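What the coordinates show
What follows is each chain in one-letter form.
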Amino acid sequence: MIFLLISLFILAMASVLILLFSRSRKTSSFLFLWSLIAASLLGLCCALSILCQKTATLPVFEQYLRLPGHFPLGEFYISIDALSAFFLLLLFILSLAAGIYGIGYLRDYEGKRNVGVHLALFHWLTIVMVLVLVAKNAVLFLAAWELMTIISYFLVTFYNDNEGVRKAGFIYLVAAHAGFFCLAIMFMVMGAHASSMNFDQMSFVQFSPGLAALLFILAFLGFGVKAGFIPFHIWLPRAHPAAPSYISAILSGVLIKVGIYGLMRVITIIKDFPLWCGIMLLMMAVLSGVGGVLYALSQHEIKKLLAYSTIDNVGIITLGLGTGMIGHAYHQDTVAFIGYAAALLHTFNHAIFKGLLFLSAGSLIHSTHTGEMERMGGLFKLLPWTGHLFLIGSLSICGLPLFNGFISEWLVFRALLEGVFHLDLFGIIFSSLGIVALGLIGGLAAFCFAKAFGIIFLGKYRSGEEHHFVEANLFMRVPMAMLAAICIFGGIFPIYTVLYAFRGAQVITGMQLPEGISSAILIPLLMITKVLMIGVIIFAFLAILRKFLTSHFKGHSRESGSSCRTLAGARDPIQTETWICAYQHVTSRMQYSASSFSKPVLKIFRSILFFKVDTTIPKGYFPGKTKLNSSVKDVSQDLFFRPLFYAIKKLSRILKWIQSGHTQVYVLYILFLLVILLIWKLH
Amino acid sequence: MNTFLHLIILVVFPPLLLGIIGKTKAFFAGKIGPPLLQTYYDLFKLMQKASVYSLTSNWIFKAAPMVCLSAIFAAGILMPIASFKAPVQFAGDLVFFVYLFALARFVTILAALDTGSSFEGMGASREATFGCLSEIAMFLDLTILALLAQKLSLSGIFLGGLASSWFLVGPVLILVVVSLFLLLLVENSRIPIDDPDTHLELTMIHEVMVLDHSGVDLAYIVYGKALKLFILGTLLISVIFTFRFHDHLMDTGFFIIEIMGLAVLIGIIESTMARLRMNKVPYLLLSAFIFSIIGFIVILLRGHS
Amino acid sequence: MNVWLDAILILVIILGLFIVASTRLGTTIQIFAAQSLILGTVPFFMYAHELEFFIVFVSIAAIVLRGFLMPKYLFWAIRHVSVRNEVSPYIGIGATLLLSAASIVGSFLLASKLTFPIKICSDMVIPSSFSLIIMGFILIVGRTKAISQVIGYLVLENGIFLFAILLLKKMPLLVEMGILLDLFIATVVMGIVVNNITDDFNITDTNELTTLKD
């Protein structure tokens, strides 16, 4: 606890100093870097110390701080339990990475924009997010939540000379406040029933099923907007491309997760929900997951693709949460525990690999000055660091073995399979629906990132001659390498992250580790490591065999007598142009493009996505130029929210006559109101 | 000792299956056809050849066949053969099994895109699409089998878990078997989904993805294809023939006969059917999925009523 | 006998799915013939222990009428009208497959909730008949060509026949006469109508039929 307070203090002091020294780039960068490193390390120590507690008694050991004095309606009451500590862990890792990256990224902008204010606001965002995660008083929580929205708005609209960026920021602000509205109502109702605004007082209250359901719906709406559930997700694909890449990494990695944290905290406080709440969460998770990845497939701009992919992964996290809630409603403790643990683990893993992906996408945009995938190609040789790190991020997000994404997806599957075994008919049907949906999401995500990585980094450059691209500088490479190392470590030795997730799940379910958990989860994890090691050994064997074969048979070419082999010389590998079936003039534009790669899948799902291809067929013997455009409509935006906002606008226009602008009319309104009040009182 | 025998069968046997399929197709065509051990000769020949690499590709292209083969082999370690338990088994290894095949497919797709040729891009795109759709049916089938056997590991399901299933739920299990068979055809790119013999871009899904590999890499890929056919074939026949003698010799003998029968069946289908049009393949996969859904519902209702 | 009955009913449902999924009219009629043949043998398996004359009569009548005569008649009709393919149905093949799957699952779930006064030998008979009925409806509603709608109506009749087999003991003559006669008249009427329209307007698209309203 002390560590955390010291780190918050360091951040606050440093931000003030940065503002003072914002003229000089060197000083402000220096202050920012060292304060960030110090604060993050302290915060990580604090979080790890709570998570590594060996206590088996419950409640899990908490530390708290309660300040004397009240501010309006609430008090400053914070405490860290294992759930908060888990999220603090990922917050500090990601802030550290994004902050160091930011210094490297912002080098180009010195003198052009107000970098000092930006860096100071970055520190304040970290402080405020820590407050949201450790707040134990509803008013403190809401105040910190609101500040988080406002500060992140300023960080997102860094390029505020761009019209699109301003619009994206505005939509983000509106969406966040719509969610805040629901949250405020929810906390007021909860506080009224508990007659206190403190979370621990609220958790003693027994909420009736109807009330619990209402609170759940409010929490779902409020936190769901922040977390990016479909259909409230429309701000996400606009805000992420608009923000600078490291801010997108924080947005996607931490801000979204704070929404998930809020939902988990509400579930912890109101323990018993009716069954249909869990089922509804599961269905929305399936919708978010499948819809998110389908929209991601149709995008050709790298950051928008990553934004939709975040929506899809939030769907996977919520799938685990929904399974946990369903298990709890059926009083099946194992199912509930594994479900919550899986949701927590995927939260952590997703933050890490999505942060890595956004940072490497940022380095890509930094080097090539565009985010359009259709223009790129063959960048793996020109930008080796970015390429390799993006590859590690892609392999993790597809959930492939050897990386950490696989472990968390495996854990969600495990929770669903436990559900299939232990629930009744109704529960089995929904669990199987979850299994099938997760399989589909995994397959489509692999498709999406094969496309993203393959089109950008492999093949040949698609827009003419290859320029000389500058690789990312050291400040940008180090944090990406750090995140990649966590991905690989989390994939091969997942035991630590899984244990931390278990501690968090203990808090949510409020109980001990259920019996049989070690044989159900921990031993299989060891076996997975074993199989992966065997796979690596086989790979090494095959590589040595290949080396042996290619070098051993060298020099036998003279005696073999086959003319084409002697023409080629020894049996060294030959390097030549790609075989193209005797086409005469092949250009790099004739490779498969991003639209063509994703067309088969989009065509299969065309009725859901409103997939359209507009083209004019070339005619004649020597056809001229033609063009092709494939597009997908975002259903929630175009069929629901846009008409809704137009309707609201039209309605408001009708009522515009009330605001006439003349002072006399307003005085007349006041007079009318007084008369009406008088008559009502006299009655 | 058991593990050793299991690995021996896993390593040595698969290329024979391709030979049997070739002989069956030759029989239907009235030819003598290539010898049964042809695939072994092919592998041996390929390992002695030099490789040609494209200037556009990098280490991903060179490493992909090895990663693919390692992943498929790791999946084979999880799969019980005849009455030999799998060397590694744990609860939830069903999911790991499917994801290892997904890893193999992913790196092959990356290697295909690495060459910068539109042929490989086309094959990669199609393979990825059909891979997604077949995974949903695969997961549902494995869930049904796990539910029937009340076990969560492949060894637990196939070594005795399903023993009484055919009697309990009866012919409904045929639906699951048909679904698994269609998945076998799709995953191994057999007719009616793809033609493994031709190399025209109209007909290829898997063949065109590996068009550029040569030499030792191609040997690894051909062997990986045989191994994948063997592993998925073992899955299928373990569902059909669930009886075990608990005597290793008899069980292994029966297993070899059963899997050779499966190879003959695949050969018959390849000789008698034509390839489906490419845009009908999603409907075929959808039908496989629907069969497993119907089987699932009937099994659930039978089990709970 | 239960096992064989289950296997036959599964085969009937699968053939129903094939009818719904194919666009070529010739194939559809052939699969329908196979389905009717197999369905005709169901009374044998259901009443294996208590065979009476009229059960055998019903089976043979169903096999001959629906399995041989009707398909022959339909083949003649499509050759006369020269329509071979269902090119543009209202509901696409993927959606039809998913709807049929949903209807099969729904009928199984529904049938498990119903309670019956008499004991039925297999728990798959009611759901199969429901699913055939709904698949027939899907065909009628989702297709444009008149012949496809006739086939949908015939699949619907197959489903009703399967349900009525259960009542064969109690109301024998009524059931068989009702179904077979109804079937026969319906197809004859449709055949005449199709023929006449072909002779007059040379189309069998039901889209055009709506202009006959006034």
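Residues numbered from 1 in each chain as written. Chains lettered and ligands numbered in written order. Predicted model: local features only at pLDDT ≥ 70, side-chain atom pairs only at ≥ 80, totals over all residues. Heavy atoms only, no water.

1. With respect to the overall build of chain A
- Counting its secondary structure elements, chain A contains 26 helices and five strands.
- For chain A, the spread of C-alpha atoms along the principal axes amounts to about 115 × 65 × 60 Å.
- Residue burial in chain A is summarised as follows: out of 683 residues, 57% are buried.
- In chain A, of all internal contacts separated by at least 6 residues, the share reaching a separation of at least 24 is 78%.
- If you sum the accessible surface of chain A, you get close to 28800 Å²; carbon and sulfur atoms cover 69% of it. (Helix = DSSP H or I, 4+ residues; strand = E, 2+ residues; numbered from the N terminus. Buried < 20%, exposed > 50% of the residue type's maximum accessible area, 1.4 Å probe, protein only. Contact = heavy atoms within 4.5 Å. Areas by Shrake-Rupley, 256 points an atom, 1.4 Å probe, with all protein chains shown as cover.)

2. Digging into the overall build of chain B
- Secondary structure assignment for chain B yields 13 helices and one strand.
- Along chain B, from the amino end to the carboxyl end, the secondary structure elements read α-α-α-β-α-α-α-α-α-α-α-α-α-α.
- The C-alpha atoms of chain B give a radius of gyration of 19 Å, which matches the 19 Å a tight globule of 305 residues would have.
- Each principal axis of the C-alpha distribution contributes one length, and for chain B these read about 65 × 45 × 45 Å. (Rg over C-alpha atoms; globule rule 2.2 N^0.38 Å.)

3. Comments concerning the arrangement of the chains
- Of all two pairs of chains in contact, the one with the most contacts involves chains A and B.
- These two, chain A and chain C, are apart from each other, with no contact and a minimum C-alpha gap of 9 Å.

4. Quick word on the interface of chain A and chain B
- Taken together, the contact between chain A and chain B spans 75 residues of the former and 75 residues of the latter.
- Summing both partners gives a buried area of about 6700 Å² for chain A against chain B, and 76% of it is carried by carbon and sulfur.
- Between the two partners, chain A and chain B, sit one salt bridge.
- Linking Arg 546 of chain A and Asp 217 of chain B is a salt bridge whose minimum nitrogen-to-oxygen distance equals 3.1 Å.
- Along the contact surface separating chain A from chain B lie 10 residue pairs in polar contact (both at pLDDT 80 or more).
- At the level of secondary structure, the elements contributing two or more residues to the side of chain A that touches chain B comprise α14 (379–382), α15 (384–397), α16 (404–422), α17 (425–457), α20 (517–552), β3 (574–576) and α23 (594–604) of chain A.
- Among the elements that line the side of chain A that touches chain B, the one with the most residues is α17 of chain A, at 17 residues.
- Class assignment of the residues belonging to the side of chain A that touches chain B gives a composition of 49 nonpolar, 15 polar and 11 charged. (Buried area = accessible area lost by both parts, 1.4 Å probe. Salt bridge = Lys/Arg side-chain N within 4 Å of Asp/Glu carboxyl O. Polar contact = N/O pair within 3.5 Å; in protein donor to acceptor, adjacent residues only side chain to side chain. Nonpolar A, V, L, I, M, F, W, Y, C, P; charged D, E, K, R; others polar.)

5. Comments concerning the side chain of Asn 158 of chain C
- Positionally, Asn 158 of chain C belongs in helix α7 (residues 146–165).
- Apart from residues lying up to four places away in sequence, Asn 158 of chain C is in contact with Phe 32, Gln 35, Ser 36, Leu 39, Arg 66 and Leu 132 of chain C.

6. Remarks on the domain arrangement of chain A
- As assigned here, chain A comprises domain 1 (325–543) and domain 2 (635–682).
- For domain 1 of chain A and domain 2 of chain A, the distance between their C-alpha centres works out to 50 Å. (Domains from an automatic or database assignment.)

7. Section: the nonpolar core
- In terms of nonpolar packing, the biggest core is built from 418 residues, with Leu 88 and Met 186 of chain A touching the most fellow members.
- Excluding residues within four positions of it along the chain, Leu 88 of chain A makes contact with Leu 4, Ala 47, Ile 80, Val 130, Leu 133 and Val 134 of chain A. (Core = buried A, V, L, I, M, F, W, Y, C linked by side-chain atoms within 4.5 Å.)

8. What to know about a positive patch on the surface
Residues and elements named next belong to chain A.
- On the surface, Lys 167, Lys 649, Lys 650, Arg 653 and Lys 656 cluster together into a positively charged patch.
- Among the elements that take part in the positive patch, helix α25 (residues 635–654) stands out by supplying three residues, more than any other.
- Accessibility expressed as a relative area gives 47% for Lys 649, which makes it partly exposed. (Patch = residues over 30% accessible without salt bridge, like charges linked within 9 Å, V, L, I, M, F, W, Y side chains within 5 Å. Lys, Arg positive; Asp, Glu negative; His and termini not counted. Charge placed at Lys NZ, Arg CZ, Asp CG, Glu CD.)

9. Topic: the interface of chain C and chain B
- At the interface, 18 residues of chain C touch 14 residues of chain B.
- When chain C packs against chain B, the two sides together hide about 1500 Å² of surface, and 85% of this comes from carbon and sulfur.
- When the area that chain C buries against chain B is broken down by residue, the three leading residues are Ile 10, Leu 97 and Phe 108 of chain C, summing to 27%.
- Where chain C meets chain B, there are zero salt bridges.
- On the surface where chain C and chain B come into contact, there are zero residue pairs in polar contact (both at pLDDT 80 or more).
- Listed by contribution, the elements that provide at least two residues to the side of chain C that touches chain B are α1 (2–21) and α5 (93–113) of chain C.

10. Concerning the environment of Ser 518 of chain A
Residues and elements named next belong to chain A.
- Examined against the element boundaries, Ser 518 turns out to sit in helix α20.
- Residues Ser 518 and Gln 664 lie 146 residues apart in sequence; the distance between their C-alpha atoms is 77 Å.
- Excluding anything up to four places from it in sequence, Ser 518 contacts Ile 523 and Pro 524.

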